Number of protein chains: 2
Amino acid sequence: MPAVVVIHEPVVGSRPSAEPFRIVPFDEPIVDAMNLGITRGDGIFESVGIRHGYVHEEEAHLTRFANSARILELPAPNADAYREAVRIGYRALGGGIADAYAKYVLTRGIEARESDPFGYAFVDVNPDWSRERTQGIRVVTLDRGYPLNVAQTSPWLLQGAKTLSYAVNRAAIREAARRGADDVVFTTTDGYALEGPTATLILRFGDAFVTPSPDFGVLHGTGQLGAYRWLAALGMRTEYRPVRAEELRQADQMWLVNSQRLAAPIRALDGEDVTIDRAFTDGMNEYLRDRRS
Amino acid sequence: MPAVVVIHEPVVGSRPSAEPFRIVPFDEPIVDAMNLGITRGDGIFESVGIRHGYVHEEEAHLTRFANSARILELPAPNADAYREAVRIGYRALGGGIADAYAKYVLTRGIEARESDPFGYAFVDVNPDWSRERTQGIRVVTLDRGYPLNVAQTSPWLLQGAKTLSYAVNRAAIREAARRGADDVVFTTTDGYALEGPTATLILRFGDAFVTPSPDFGVLHGTGQLGAYRWLAALGMRTEYRPVRAEELRQADQMWLVNSQRLAAPIRALDGEDVTIDRAFTDGMNEYLRDRRS
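Below: a short report on this structure. Remember, it's a predicted structure, so these values are computed and weren't measured experimentally.

Quick word on the relation of the copies chain A and chain B
So, step 1. Of the two same-sequence chains, chain A is brought onto chain B (RMSD 0.0 Å, axial shift 0.0 Å) by a rotation of 180 degrees. The two molecules are tied by a two-fold rotation axis, judged by turn and shift.
So, step 2. The fraction of interface residues of chain A whose copies in chain B are also interface residues reaches 100%, indicating that both copies meet through the same surface.

Shown next, in the form of structure tokens:
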């Protein structure tokens, strides 16, 4: 059963609290009916992978969490409180879980009332993604409806923040299933590839690897960060830049990478087969699984 | 204090339940940490106005609620259960509240577990909006980032559904405040006016009234429905059609209309004064407040 840790320690700022954390069963309600996290999806989250108790890319996640808070004009989250909540939750899961994950959540608090932001974390066993990692995933491209530069022109659209308002991301995955696929690469109205609903895109052209630039309204993937370190150590070239949608058809290989599923090779794009390199992908996933960063 | 009613009566379908409803204090948690309503904004809502216990446009709200469920591929909500929850909540508020409002909420249930959708309603005293109704509101236009036909081309973007993923709507209102305004009219990338983050736009040109067509990814406003009935009874012409953004500068008068604030006349658009007709708007708001539909 997953473990839920409510953060009484202030989730923003750093005032001390008499009872900083409270472990609750996963099916004990902790969120008020009028919490803006539920009534408006008004808050932020992060998902982290945990290998034998070690939290992958913890600082990168906390940095991105703080960046999402800034975009939503929420106070900066108390990083120490989230670090500690995940450790408490992991211990509460029961000893020695090899593969776990955690989510951090921060909401704006209670609607129409002066209230502090509200935060919690939960930790659960990571499902088995070995089929996706080895056999690959079928992906479709879906229009995200926006032009590439929307994060620059229209920051109120919150592109580049990891918000609790993910209904569109969930609907895109249902649309993929309707088309016989497992996942999505979003594209822009002006013909660029962006990211998956819950993962970062990496393309391979020979010994060069490319991921869409996080300057243009995509999240800076923490799994992708790890993959780029592994690739750099192998002597490969890695690059961030805008990626045209038609490049998806020219790439030698492609992956969608995130903290829970790690690197899932793309084996079909819009119904067309794509080559996957099993040994190379296995190497990438072994690094991602065992990395200490 | 607001009253919260958790719906144990199935929120979808119509199987009977031993304890169909449960009234809980507004600050008693009712939502699990892993409920998709909070972790993904994956659910829908409606807000209704309640005058002396009478729920305005209840059937139109329930129809729109069911339509939002359909767009999100949620099972059809149990309309009777929501009707009853609002009545129970209103009684629990304490007798004889003249102006109240309620929200219906339906979420997809618990993440990564087979679970039923989860529903509740809450009822609270409506704040006093008389200043906005009589003095008017200052509005700015903000780009919604999408072309007009996005609901047709890309239904996974969920335009036209009233989802719990409203972080963008909240961010737009913060952007308006930063520009010295009270509210927003969203526009499309191809130059059309849409709606406010929480209200429907009505424009007046002489004796003709126009509202952006709900065929193009805007919600069909229930307050606007009432206003159109009042206008028709006065012999005015009313119309639904796509509205060009430049028409906002040509209109004689404009309103943003919703269930809680009713008709708020627009007194400034992007910093330019707009005429408001106090007596006419008062008449519209008296009708909206006292209507029996």
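Focus: the layout of surface pockets
So, step 1. The computed volume of the second largest pocket comes to approximately 400 Å³.
So, step 2. In terms of lining, the second largest pocket is formed by 24 residues, of which the most central are N67(A), R70(A), I71(A), Q159(A) and G160(A).
So, step 3. Of all the secondary structure elements, the ones that give two or more residues to the lining of the second largest pocket are helix 2 (58–71) of chain A together with helix 6 (167–178) of chain B.
So, step 4. If one sorts the elements of the lining of the second largest pocket by residue count, helix 2 of chain A sits on top with six residues.
So, step 5. Its residues placed into classes, the lining of the second largest pocket shows ten nonpolar, seven polar and seven charged.

Observations regarding unusual backbone geometry
So, step 1. You will see that H52(A), though not glycine, has its phi angle at about 45 degrees, which is positive.
So, step 2. Relative to the helices and strands, H52(A) resides in the loop between strand 3 (43–51) and strand 4 (54–55).
So, step 3. The residue E73(B) is not glycine, and still its phi comes out positive at about 55 degrees.
So, step 4. Within the secondary structure, E73(B) sits in the loop between helix 2 (58–71) and helix 3 (79–92).
So, step 5. Relative accessible area serves as the criterion here: at 40%, E73(B) is assigned to the partly exposed category.

Let's talk about the side chain of Q159(A)
All names here are of chain A.
So, step 1. Its place among the elements puts Q159 in the loop between helix 5 (150–153) and helix 6 (167–178).
So, step 2. A relative accessible area of 17% places Q159 in the buried class.
So, step 3. For Q159, the residues in contact, after removing those within four places along its chain, are R144, Y146, V150, A151 and G217.

Remarks on helix 8 (residues 278–290) of chain B
Residues and elements named next belong to chain B.
So, step 1. With 13 residues, helix 8 should reach 18 Å at 1.5 Å per residue; the first-to-last C-alpha distance of 18 Å fits that figure.
So, step 2. If you check which residues of helix 8 are buried, you get F280, T281, G283, M284, N285 and L288.
So, step 3. In this structure, the buried residues of helix 8 make contact with helix 4 (130–135), strand 10 (200–205), strand 11 (208–212), helix 7 (222–233), strand 14 (253–258) and strand 15 (262–269).

Definitions and cut-offs
- Residues numbered from 1 in each chain as written.
- Chains lettered and ligands numbered in written order.
- Predicted model: local features only at pLDDT ≥ 70, side-chain atom pairs only at ≥ 80, totals over all residues.
- Heavy atoms only, no water.
- Least-squares fit on C-alpha atoms with pLDDT ≥ 70 in both.
- Contact = heavy atoms within 4.5 Å.
- 1 Å grid on protein atoms, 1.4 Å probe; cavity = no way out; pocket = protein on both sides within 12 Å on 5 of 7 lines; lining within 4 Å.
- Points joined across faces, edges and corners; volume = space filled by probe spheres on them.
- Helix = DSSP H or I, 4+ residues; strand = E, 2+ residues; numbered from the N terminus.
- Nonpolar A, V, L, I, M, F, W, Y, C, P; charged D, E, K, R; others polar.
- Buried < 20%, exposed > 50% of the residue type's maximum accessible area, 1.4 Å probe, protein only.
- Expected span 1.5 Å × (residues − 1).

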